[in-house]
Amino acid sequence: MSTPLTLIGLGPMGQAMVRKFLAAGHPVTVWNRTASRADALVEQGATRAGTPQAAVDAAKLVLLSLTDYAAMHEILGEVDLAGKTVVNLSSDTPDKTLKAAAWLAERGAELLVGGVMAPAPMVGEEGAYIFYSGPKDVFEAHKDVLAVIGRPDYLGEDHSLAQLFYQAQLDYFLTALAGVLHSVALVKTAGVPAAAFAPYLRDNLDSIAMYLDETVQAVDSGEHPGDEANILMMGATADHIVGASDATGLDAELPRAVQSLYRRGIEAGLGRSSWTALYEVINGKRN
């Protein structure tokens, strides 16, 4: 069964979504500040709206793929939204989703918050998924359509949850990628090609998953036995990484941030505890 929908925001992500919806047989109306971005999509069957109001009028289901939530306010600020379901797939902070839900409710619309866990080329492909939060009945009414662009993972009625999960995933992702670059840069100071180091780094990356179960168990239980790798031991390693970075002339801000975390853990009396006890520093209870 086809469902008419509107998609506002035609960056790479928005364009990928439109193509998937069209391929699945859903009529799609599009609008973008730079109108030419819709040209290829119109050739593929999308309908171009001349204004945000016309775009919203075209369907009850309105998807946003914008830079942030501020863009939603700018584009829809003067638009009649009564009776619409707005699925905001833009990235922003969880608190802004709560404000957005109230803002839309005042205008007679409902908000479903989304966090897209896939790059544009992977939208709608196997392994792509999207976090959603907001009214359950709204999610249930549209989940089959939304499944076209990725597995819909519903987290609950609290509007902030989808962005919280999304940002938490990117927190790890961005930090890990920065760590990859820094470790490669350290090796290359000796003239070693990154490709020569890659097999060892890949082994390291693969091994991270084995720590996950014990980490979440320790965090949830609040127990951090330091029988194997305590904060004092790993803090010394953090010191050595900073020292190696300084000695080779690399930017040491990233390892210095990690070093600071371990030092604050030691100052908080957690030195003999497992490295997982650094969670108590991160959450502000022991710093």
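Before any of the text, the structure's been laid out above.
Residues numbered from 1 in each chain as written. Predicted model: local features only at pLDDT ≥ 70, side-chain atom pairs only at ≥ 80, totals over all residues. Heavy atoms only, no water.

Undergrad: Explain the overall build of the protein to me, please; I cannot follow it from the model alone.
TA: When you go through the protein residue by residue, the secondary structure sums to 12 helices and 8 strands. Expressed along its principal axes, the backbone C-alpha trace of the protein runs to roughly 60 × 45 × 30 Å. The buried share among the 287 residues of the protein stands at 40%. A separation threshold of at least 6 residues defines the contact pool for the protein, and within that pool the share at least 24 residues apart is 59%. (Helix = DSSP H or I, 4+ residues; strand = E, 2+ residues; numbered from the N terminus. Buried < 20%, exposed > 50% of the residue type's maximum accessible area, 1.4 Å probe, protein only. Contact = heavy atoms within 4.5 Å.)

Undergrad: In this structure, what is going on with the sheet that holds strand 5 (residues 85–88)? I would like to understand it.
TA: Two strands in a sheet stick together by hydrogen bonds in their backbones, pointing the same way (parallel) or opposite ways (antiparallel). Reading across the sheet, the 8 strands line up as 3-2-1-4-5-6-7-8 and stay open at both edges, with mixed pairing between neighbours. The strands lining the two open edges of the sheet, one partner per strand, are strand 3 (47–48) and strand 8 (151–156). As paired elements, strand 1 (residues 5–8) and strand 2 (residues 28–31) share 4 bridges and run parallel to each other. Among the inter-strand pairings, Leu-7 is bridged to a residue of strand 2, identified as Val-30. (Pairing = 2+ DSSP bridges.)

Undergrad: How should I be thinking about the packing of helix 4 (residues 69–76) against helix 5 (residues 94–106) in this particular structure?
TA: For any two helices packed against each other, the geometry comes down to the angle between their axes and how far apart the axes lie. Where helix 4 contacts helix 5, the two axes come as close as 10 Å, and the packing angle between them is 20°. Accordingly, the angle class assigned to the pair helix 4 and helix 5 is roughly parallel. Both helix 4 and helix 5 take part in a crossing whose hand is left-handed. For the pair helix 4 and helix 5, contact is made by Tyr-69, Met-72, His-73 and Leu-76 and by Lys-96, Thr-97, Ala-100, Trp-103 and Leu-104, respectively. Here the contact of helix 4 with helix 5 is composed, by residue class, of 6 nonpolar, 2 polar and 1 charged. (Axes fitted to C-alpha atoms, helices over the stretch in contact; angles between N-to-C directions. Parallel < 35°, antiparallel > 145°, perpendicular 65-115°, else oblique. Left-handed = near helix turned anticlockwise from the far one by under 90°. Nonpolar A, V, L, I, M, F, W, Y, C, P; charged D, E, K, R; others polar.)

Undergrad: Help me understand helix 11 (residues 253–267) in this model?
TA: In this model, helix 11 (15 residues) spans 21 Å end to end at C-alpha, consistent with the 21 Å of a helix rising 1.5 Å per residue. Every buried residue of helix 11 is listed here: Pro-255, Gln-259, Leu-261, Tyr-262 and Gly-265. For helix 11, the angular spread of the buried residues around the axis is 155°, confining them to a single face. Structural note: helix 11 exposes Glu-253 and Glu-267 on the side pointing more than 90 degrees away from its buried face. As for helix 11, its buried residues are in contact with helix 7 (160–188), helix 10 (231–248) and helix 12 (279–282). A positive backbone phi angle near 85° is found at Gly-269, which sits one or two residues after helix 11. (Expected span 1.5 Å × (residues − 1). Arc of directions from axis to C-beta.)

Undergrad: It is not clear to me how a nonpolar patch on the surface should be interpreted in this structure. Could you clarify?
TA: Taken together, the side chains of Tyr-172, Phe-173, Leu-174, Leu-177, Ile-208, Met-210 and Tyr-211 define a hydrophobic patch exposed on the protein surface, amounting to about 720 Å² of accessible area. Mapped onto the fold, Phe-173 is located in helix 7. The partly exposed category is assigned to Phe-173, whose relative accessible area is 44%. (Patch = residues over 30% accessible without salt bridge, like charges linked within 9 Å, V, L, I, M, F, W, Y side chains within 5 Å. Areas by Shrake-Rupley, 256 points an atom, 1.4 Å probe, with all protein chains shown as cover. Salt bridge = Lys/Arg side-chain N within 4 Å of Asp/Glu carboxyl O.)

Undergrad: Even after reading the chapter, I still don't get the packing of aromatic side chains, so can you show me in this structure?
TA: To describe a pair of aromatic rings, you give the distance between the ring centres and the angle between the ring planes. Going through the model one piece at a time under the given rule, you end up with 4 aromatic pairs. Geometrically, the ring pair formed by Phe-139 and Tyr-154 is stacked, given 4.8 Å between the ring centres and 20° between the ring planes. Highlighted residues: Phe-139 in helix 6 (residues 136–146) and Tyr-154 in strand 8, separated in sequence by 15 residues. For Tyr-154, a relative accessible area of 23% gives the class partly exposed. Chaining the aromatic ring pairs together yields one cluster made of Tyr-129, Phe-131 and Phe-165. (Phe/Tyr/Trp six-rings, centres within 6.5 Å; stacked < 30°, edge-to-face > 60°.)

Undergrad: How should I be thinking about the pattern of salt bridges in this particular structure?
TA: Side-chain pairing between opposite charges can occur once the charged atoms of the two side chains come close. By the definition in use, this model includes 9 salt bridges. Notably, a salt bridge pairs Arg-48 with Asp-39, separated by 2.9 Å at the nearest N-O pair. For Arg-48, a relative accessible area of 38% puts it in the partly exposed group. Note that Arg-263 and Asp-239 form a salt bridge whose closest N and O atoms lie 3.5 Å from each other. Here Asp-239 lies in helix 10 and Arg-263 lies in helix 11, a separation of 24 residues in the sequence. Judged by relative accessible area, Arg-263 falls into the partly exposed class, the value being 44%. A relative accessible area of 32% places Asp-239 in the partly exposed class.

This is a description of form; function is not addressed.
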